[in-house]
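Each chain is listed here by its residues.
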Amino acid sequence: MKPTTHPLFWRDEGLPFVELRQVLDGRLVSYAPHSHETWSIGAILNGQSEFVCADRLHAVEQGHLVVMNPQVVHACNPKQDSPWAYYMMHLDKDWLAAQLFAEGHIPSPEWHDSQADTLLAPEYFSSFVELCQQLMSNRLSVTEKVDLTRLTLLRIWSELQSTKMASCPTQLQANPLYDVADYLNLNCFDDTPIAQISAQFGYSTGYLMRAFRRHFNLTPHAYRLNRRIQLGQTALKQGRSIVDVAHEVGFNDQAHFQRTFKQRVAATPDQYRRAVLKPYSQTAGSQ
């Protein structure tokens, strides 16, 4: 089948904890800063990019693995005129935490963030690309795919934990801004003015805007929109209609939903909703 510039999303009912994305020509793909509920890992198959993760900026290129912890704001966009191809995998953090705990990689079954944002190691890059190709093929059974996913990610996790970052936070500090973030998550469908929310939590609007953006790398309004898109993705994966999902996640204007979704997912809602079991190119990892 002829390669396509459109993003390809792969999902399988037998592996509900994983979603995989393949982009073979992403030169027109652009992301606004956003976050995921999942632990995400990607392989750059071709090209060069600037990868912003929290407040850290990395120059990455073909052969790099990039990693995003849950709810960490990030963006990865290709350099101008650079070819751009990649795999991106999103893992349910609770499933992954259970696997890591069972093997003694983390001290409890609750989620613990990984350490490094990037990894440049040919062995681990190749094994991750092989995993992506095997998942998207029909060569393995569901059980074999689960086992391969688990073993590959456990090995990569161990290597990531040994790659220390000077700027990597080791512990989340108590911060009253998390109360505001929790409120925005729980009430993301409401369009309560930020000034009203600021007063509710005892802040001036200007202070809350500055402090929230400094801590979360998003304004309160962008944080609220990001949560709506996360919920929209969940609904679209269930096969819901785009019109219904748009209204359910707080967009009265479907066009606004389409624009906001594409800015953060770099795909239209229809492209995201559709998933296939066979990749467009079996040789994508060899680019």
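The structure presented is a predicted model; accordingly, all values stated were derived computationally and were not measured.

## Focus: the overall build of the protein chain
So, step 1. A tally of helices and strands in the protein chain yields 10 helices and 9 strands.
So, step 2. Within the protein chain, contacts between residues at least 6 apart in sequence are counted, and of these 73% link residues at least 24 apart.
So, step 3. Split by element, the accessible area of the protein chain, about 13900 Å² in all, is 51% carbon and sulfur.

## Points about the packing of aromatic side chains
So, step 1. According to the stated counting rule, one finds 14 aromatic pairs in the structure shown.
So, step 2. Measuring from ring centre to ring centre gives 4.5 Å for F212 and F216, while their planes differ by 35 degrees; the resulting arrangement is tilted. Residue F212 and its partner F216 are located together in helix 6 (residues 205-216), separated by 4 residues, close to a single helical turn.
So, step 3. Overall, F212 belongs to the buried group, its relative accessible area being 0%.
So, step 4. Positioned above the aromatic ring of Y272 is the side chain of R11, whose terminal nitrogen or guanidinium carbon lies 4.9 Å from the ring centre.

## Describing the packing of helix 1 (residues 93-102) against helix 3 (residues 142-161)
So, step 1. Put simply, helix 1 and helix 3 touch, their axes get as near as 11 Å, and they point 75 degrees apart. It follows that helix 1 is roughly perpendicular to helix 3 by the angle criterion. Of helix 3, the residues touching helix 1 (which contributes W95, L96, Q99 and L100) are T149, R150, L153, L154 and W157.
So, step 2. Across the contact of helix 1 with helix 3, the residue classes break down as 6 nonpolar, 2 polar and 1 charged.

## With respect to the pairing of strand 7 (residues 74-78)
So, step 1. Of all 5 residues making up strand 7, 4 are buried, and the element is well covered by its neighbours.
So, step 2. Sheet topology note: the strand 4 (residues 48-53)/strand 7 ladder contains 5 bridges and is antiparallel. If you follow C53 over to strand 7, its bridge partner there is H74.

## Observations regarding the sheet that holds strand 5 (residues 56-61)
So, step 1. An order of 5-4-7 is seen for the 3 strands of this open sheet, with the pairing classed as antiparallel. Looking at which strands have only one partner, the edges of the open sheet turn out to be strand 5 and strand 7. Ignoring strand direction, the axes of neighbouring strands in this sheet form an average angle of 20 degrees.

## Regarding the confidence of the model for the protein chain
So, step 1. Taken over all residues, the pLDDT of the protein chain has a mean of 86, while the share at 70 or more is 88%.
So, step 2. When pLDDT is averaged over each helix and strand of the protein chain, the minimum, 83, is found for strand 7 and the maximum, 97, for helix 1.
So, step 3. Note that pLDDT drops below 50 for residues 166-173; the model gives that stretch 5 contacts with residues more than four away or on any other chain.
So, step 4. Here residues 278-287 scores under 50 on pLDDT; set against residues more than four positions off or in separate chains, the count is 33 contacts.

## Some thoughts on the nonpolar core
So, step 1. Core analysis: the largest hydrophobic core is formed by 38 residues, its most contacted members being W39, I41, L65, M89 and F128.
So, step 2. Of all elements in the fold, only strand 1 (8-10), strand 2 (18-23), strand 3 (39-46), strand 6 (65-68), strand 8 (85-91), helix 1, helix 2 (122-136) and helix 3 reach the threshold of two or more residues within this core.
So, step 3. When residues in this core are grouped by element, the largest group, 8 residues, is from helix 2.
So, step 4. Discounting residues that sit within four places of it in the chain, F128 has contacts with I41, G42, A43, L65, Y87, M89, T152 and I156.
So, step 5. Among the nonpolar cores identified, the runner-up in size contains 16 residues, and A181, I194, I197 and A211 belong to it.

## A closer look at helix 6
Counting along an α-helix, one turn takes 3.6 residues, and residues three or four places apart therefore face a common direction.
So, step 1. Relative to the 16 Å expected for 12 residues at 1.5 Å per residue, helix 6 spans 16 Å between its end C-alpha atoms, a close match to the ideal helical length.
So, step 2. Within helix 6, burial applies to L208, A211, F212 and F216. In a view along the axis of helix 6, the buried residues occupy a sector of 105 degrees, so they form one face of it. In helix 6, the exposed residues that point more than 90 degrees away from the buried face are R210, R213 and R214.
So, step 3. Against the buried residues of helix 6 lie helix 4 (177-186), helix 5 (194-200) and helix 7 (220-237).
So, step 4. Phi turns positive one or two residues past the end of helix 6, at N217, with a value near 60 degrees.

Parameters and conventions
As a convention, each chain's residues are numbered from 1 in the sequence order in which they are written. For a predicted model such as this one, the threshold for reporting local features is a pLDDT of at least 70, and the threshold for listing and counting side-chain atom pairs is 80 or more; totals across whole chains, interfaces and linings nevertheless cover every residue. Excluded from the side-chain calculations are hydrogens and water; all other atoms, namely the structure's heavy atoms, are used. The numbering of helices and of strands both runs from the N terminus, where a helix is a DSSP run of H or I of at least 4 residues and a strand a run of E of at least 2. We call two residues in contact when some of their heavy atoms are within 4.5 Å. Note on areas: these come from Shrake-Rupley sampling with a 1.4 Å probe, and a residue is covered only by the protein chains present in the view. Only the six-membered ring of Trp is used, alongside the rings of Phe and Tyr, when aromatic pairs are assigned; centres must lie within 6.5 Å, and planes under 30 degrees apart are stacked while those over 60 apart are edge-to-face, with the rest tilted. Accessible area is worked out with a 1.4 Å probe on protein chains only. A residue is then buried under 20% of its type maximum, exposed over 50%, and partly exposed in between. A positively charged side chain is recorded as over a ring if its NZ (Lys) or CZ (Arg) lies within 6 Å of the ring centre. The angle to the ring normal must also be within 35 degrees. Each axis is a line fitted through C-alpha atoms, taken for helices only over the stretch in contact, and angles between the N-to-C directions span 0 to 180 degrees. Convention used here: angles under 35 degrees read as roughly parallel, angles over 145 as roughly antiparallel, angles from 65 to 115 as roughly perpendicular, and any remaining angle as oblique. Classes in brief: Ala, Val, Leu, Ile, Met, Phe, Trp, Tyr, Cys and Pro nonpolar; Asp, Glu, Lys and Arg charged; the others, Gly included, polar. In this analysis, strands are considered paired if DSSP registers two or more bridges between them. For every residue, the predictor reports its confidence as pLDDT, a number between 0 and 100. Here, the term nonpolar core denotes a set of buried Ala, Val, Leu, Ile, Met, Phe, Trp, Tyr and Cys residues that are joined through side-chain atoms within 4.5 Å. One less than the number of residues in a helix, times 1.5 Å, gives the span that helix is expected to have. This arc is built from the directions going out from the helix axis to the C-beta atoms.

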